[in-house]
Amino acid sequence: MSETDYCELCDLPMSQCIHGRPPAPPAPAPVKRPTTRVRKTTTSAAASAPKVVTKSAPRKWTPPAAFAPLILEILEAAGGSMSADAVLDELETQLSDQLLAGDFETTPEGELRWRYAARRARQKLLTEGLMTKGAPGVWQLP
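Sequence order sets the numbering: in each chain, residues are counted from 1 along the sequence as written. Thresholds applied to this predicted model are a pLDDT of at least 70 for local features of residues and 80 or more for the giving and counting of side-chain atom pairs; totals over whole chains, interfaces and linings are not thresholded and use all residues. To obtain the side-chain values, all non-hydrogen atoms of the structure were used and water was disregarded.

Draft legend 1. Expanded view of the packing of aromatic side chains. Working definition: a ring pair exists when centres of Phe, Tyr or Trp rings (six-membered ring for Trp) sit within 6.5 Å. Plane angles under 30 degrees give stacked, over 60 give edge-to-face, the rest tilted. Enumeration according to the criterion identifies one aromatic pair in this entry. The ring of Trp61 has Arg113 sitting right over it, with the charged end atom 4.2 Å from the ring centre. Sitting over a ring, as applied to charges here, requires NZ of Lys or CZ of Arg to be within 6 Å of the ring centre and within 35 degrees of the ring normal.

Draft legend 2. Structural context of the sheet that holds strand 5 (residues 138-140). Pairing in this open sheet of three strands is antiparallel, and the strands run 3-5-4 from one edge to the other. Where the open sheet ends on each side, the last strands, each with one partner, are strand 3 (81-83) and strand 4 (132-133). Sheet analysis places strand 3 next to strand 5, joined by three bridges and oriented antiparallel. Considered in strand 5, the bridge of Ser81 is made with Gln140. With respect to the sheet, helix 2 (residues 84-94) is in contact with strand 3 and strand 5, its orientation differing from that of strand 3 by roughly 90 degrees. Pairing between strands is defined by DSSP: at least two bridges between the two strands are required. For the purposes of this entry, the term helix denotes a DSSP run of H or I that reaches at least four residues, the term strand denotes a run of E that reaches at least two, and both are numbered from the N terminus. Contacts were defined at the residue level, with two residues in contact if any of their heavy atoms lie within 4.5 Å. A fitted line through C-alpha atoms represents every axis, and for helices the fit uses only the stretch in contact; the resulting angles, taken between N-to-C directions, go from 0 to 180 degrees.

Draft legend 3. Quick peek at the environment of Met82. Inspection of the secondary structure assignment puts Met82 in strand 3. For the pair Met82 and Gln140, spaced 58 residues apart in sequence, the C-alpha to C-alpha distance is 6.4 Å.

Draft legend 4. A look at helix 1 (residues 68-77). Of all the residues in helix 1, the buried ones are Ala68, Leu70, Ile71, Leu72, Ile74 and Leu75. Contact partners of the buried residues in helix 1: strand 3, helix 2, helix 3 (113-128) and strand 5. Positive phi shows up at Gly79, right after helix 1, with a value of about 95 degrees. Each residue's exposure class comes from its accessible area (1.4 Å probe, protein chains only) as a fraction of the maximum for that residue type: buried when under 20%, exposed when over 50%, partly exposed otherwise.

Draft legend 5. Quick look at the nonpolar core. Within the largest apolar cluster, 22 residues are counted, with the highest numbers of intra-cluster contacts made by Phe67, Ile71, Leu75, Leu91, Met131 and Trp139. Looking at this core, the elements that each hand over two or more residues are helix 1, helix 2 and helix 3. Among residues more than four places away in sequence, those in contact with Leu91 are Phe67, Leu70, Ile71, Ile74, Trp114 and Ala118. As used in this record, nonpolar core signifies buried Ala, Val, Leu, Ile, Met, Phe, Trp, Tyr and Cys residues forming a set joined through side-chain atoms within 4.5 Å.

Draft legend 6. Up close: the pattern of salt bridges. Put simply, a salt bridge is a Lys or Arg side-chain nitrogen that is within 4 Å of an Asp or Glu carboxyl oxygen. If you walk through the whole model with that rule in mind, you get four salt bridges. Note that Arg115 is salt-bridged to Asp89, the shortest N-O span being 3.4 Å. Of this pair, Arg115 sits in helix 3 while Asp89 sits in helix 2; the two residues are 26 residues apart in sequence, bridging distant segments of the chain. Among the residues examined, Asp89 registers a relative accessible area of 40% and is labelled partly exposed. The residue Glu105 makes a salt bridge to Arg113 at a minimum N-O spacing of 3.9 Å. The class of Glu105 is partly exposed, set by a relative accessible area of 42%.

Draft legend 7. Geometry of the packing of helix 1 against helix 2. Axis separation between helix 1 and helix 2 bottoms out at 10 Å; the angle between their running directions is 115 degrees. Considering how the two elements wind past one another, helix 1 and helix 2 form a crossing that is right-handed. Here Leu70, Ile71, Ile74 and Leu75 of helix 1 come into contact with helix 2, specifically with Val87, Glu90, Leu91 and Gln94. Each residue gets one of three labels, nonpolar for Ala, Val, Leu, Ile, Met, Phe, Trp, Tyr, Cys and Pro, charged for Asp, Glu, Lys and Arg, and polar for the others, Gly among them. Across the contact of helix 1 with helix 2, the residue classes tally to six nonpolar, one polar and one charged. Definitions for this section: a left-handed crossing has its near helix turned counterclockwise from the far helix by less than a right angle. A right-handed crossing has that turn clockwise.

As structure tokens, this is what we get:
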């Protein structure tokens, strides 16, 4: 072998030397694909196109929107104004069989989740103009 076959930096043959080789190309980035599943059904001729199947988890607690119509009904029956505690007590009475197990858990602040959802429903009714701010602790219709 001649002198040109060896690396001047590490005294290894050029075929084994890291200095005589170009750097390796970077690895390709992994391709992320959406996680939606497509299910084909063959029950009818019209169902030959793939259908997107989405899973929805069962609700753990009742959403605030479910409380809004009941709050309005309770206030109308009471003449348009009622204390907040009385409205919440009436809500609990009317929804006792419909509230979910998660509704009786507490929020990080220590309030029952269904009461928090009812207060959020009231806030939305206020912004929509269906309720007005009354005295502190009083919920009222306009």
